[in-house]
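One letter stands for each residue in the lines below.
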Amino acid sequence: MASSPRLIHGFREIADAYDLLFCDIWGVIHNGHALFPGVAEALTTFRGNGGTVVLVSNAPRPNNAVAPQLDRLGLPREAWDAIVTSGDVTRSHIAAVADKKVFHLGPERDLPLYGGLDIRFAGADEAEVVVCTGLFDDTTETPETYAPMLEAFLARNVPMICANPDLVVDRGGIMIYCAGAIAEAYRAIGGEASICGKPFKPIYDAAFETAAGRRGGPIPHGRTLAIGDSVRTDLAGAAAIGCGALFISGGIHALEAGHGDGEIDAEALAAFLHDKGVVPDAVMPRLIW
């Protein structure tokens, strides 16, 4: 990576250097309520020029449950080739404990995660393993809400499987907690938590395998670009697998990364990235062509 990030005004400035995109969804494509302007054009144009787009998300649901949401938000199918989620990776972890009683910690909308798996669900007091997809009510609750429950799990040495490593996401301008915040709280008191998704290798292995199937062969990591708004997941994941990274500064780090009103404060951005110890290949406020 370069010693300092390149500030770009359109993805077209660097697109020719890559054959494959691993594009984050929430915070890059939409904010939970609406698509960001220009993102559909950017992805569709890249594909039209011969590139492959795999949407790589920490959504705690299988990919076939994410696609309809994108349809409802108006993202054309021409904008992407495939979707790989942390939910896809989590399913293999759940299958490995199918003989145990499972407590689902998270909203009902995440229940497609278990589709086709033979699971014995149980209450929190009887569970032998916890699968965390998020908070039951992320509009009113915080990780502290679950402190008594986590202490009870710890007392019985109940392991946790976290289906979404994200700590927070921006939902229409409001930061809400995700499953990763619960898992970190559990680890902080000594609990065991297996965390699936970005920035860990299995989700990228799945994404590369999926992309190779679409393109008829493997794609070099050097011709692959990860696009995301999270230092902890997207940028760390890109660095771990040795691919390029495009940081979207208008996402969850907007205030601290010097993003405001569509512009970037270069000095604040440099200080932020230095503090985080990461240097992406390029930075732009939002993904536009």
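Caption draft 1: How the structure looks around the sheet that holds strand S8 (residues 160-162). On the basis of which strands lie adjacent, the open sheet formed by five strands has the order S6-S5-S7-S8-S11 and parallel pairing. Whereas interior strands pair on both sides, the edge strands pair on one side only; in this sheet they are strand S6 (120-121) and strand S11 (193-195). Looking at chain direction, strand S7 (residues 129-132) and S8 are connected through three bridges and run parallel. For Val131, the partnering residue across the bridge sits in S8 and is Ile161.

Caption draft 2: Quick peek at the environment of Thr44. Tracing the backbone shows Thr44 in helix H1 (residues 39-48). Residues Thr44 and Arg77, 33 residues apart in the sequence, show an inter-C-alpha distance of 8.8 Å. Residues within four places of Thr44 in sequence aside, it is in contact with Pro76, Glu78 and Ala79.

Caption draft 3: Local environment of the packing of aromatic side chains. Evaluation of the coordinates by the stated rule reveals nine aromatic pairs. Between Phe11 and Phe46 the ring centres are 5.7 Å apart and the planes differ by 50°, which places this aromatic pair in the tilted class. Of the two residues, Phe11 sits in the loop between strand S1 (6-7) and strand S2 (20-23) while Phe46 sits in helix H1, which places them 35 residues apart along the sequence. Taking the relative accessible area as the measure of exposure, Phe46 reaches 3% and is therefore buried. Their ring planes at 75° and their centres at 6.3 Å tell us that Phe103 and Phe136 sit as a pair that is edge-to-face. One end of the pair, Phe103, is in strand S5 (residues 101-105); the other, Phe136, is in the loop between S7 and helix H4 (147-155), and 33 residues separate them in sequence. Phe103 sits in the buried class, given a relative accessible area of 11%. For Phe136, a relative accessible area of 39% puts it in the partly exposed group. In textbook terms, an aromatic cluster arises when at least three aromatic residues are bridged by ring pairs, as seen for Phe103, Phe136, Tyr146 and Phe153.

Caption draft 4: Representation of unusual backbone geometry in the model. In this structure, Pro199 follows Lys198 across a cis peptide bond, with omega equal to 15°. As for its position among the elements, Pro199 is in the loop between S11 and helix H6 (201-215). In this model, Asn157 sits at a positive phi of 55°, which is unusual for a non-glycine residue. By the element assignment, Asn157 lies in the loop between H4 and S8.

Caption draft 5: Examining the pattern of salt bridges more closely. Scanning all chains against the criterion turns up twelve salt bridges. The partner of Arg47 in a salt bridge is Asp81, with the nearest N and O atoms 2.8 Å apart. With Arg47 in helix H1 and Asp81 in the loop between helix H2 (63-73) and strand S4 (82-85), the pair connects residues that are 34 residues apart, well separated along the chain. Between Asp138 and Arg109 there is a salt bridge whose closest N-O contact spans 3.0 Å.

Caption draft 6: Quick peek at the side chain of Asn58. Here Asn58 lies in the loop between strand S3 (52-57) and H2. Residues in contact with Asn58, not counting those within four places in the same chain, are Ser86, Ala163, Asn164, Pro165, Asp166, Gly197, Lys198, Ile203 and Thr233.

Procedures and definitions
- Residues numbered from 1 in each chain as written.
- Predicted model: local features only at pLDDT ≥ 70, side-chain atom pairs only at ≥ 80, totals over all residues.
- Heavy atoms only, no water.
- Pairing = 2+ DSSP bridges.
- Helix = DSSP H or I, 4+ residues; strand = E, 2+ residues; numbered from the N terminus.
- Contact = heavy atoms within 4.5 Å.
- Phe/Tyr/Trp six-rings, centres within 6.5 Å; stacked < 30°, edge-to-face > 60°.
- Buried < 20%, exposed > 50% of the residue type's maximum accessible area, 1.4 Å probe, protein only.
- Salt bridge = Lys/Arg side-chain N within 4 Å of Asp/Glu carboxyl O.

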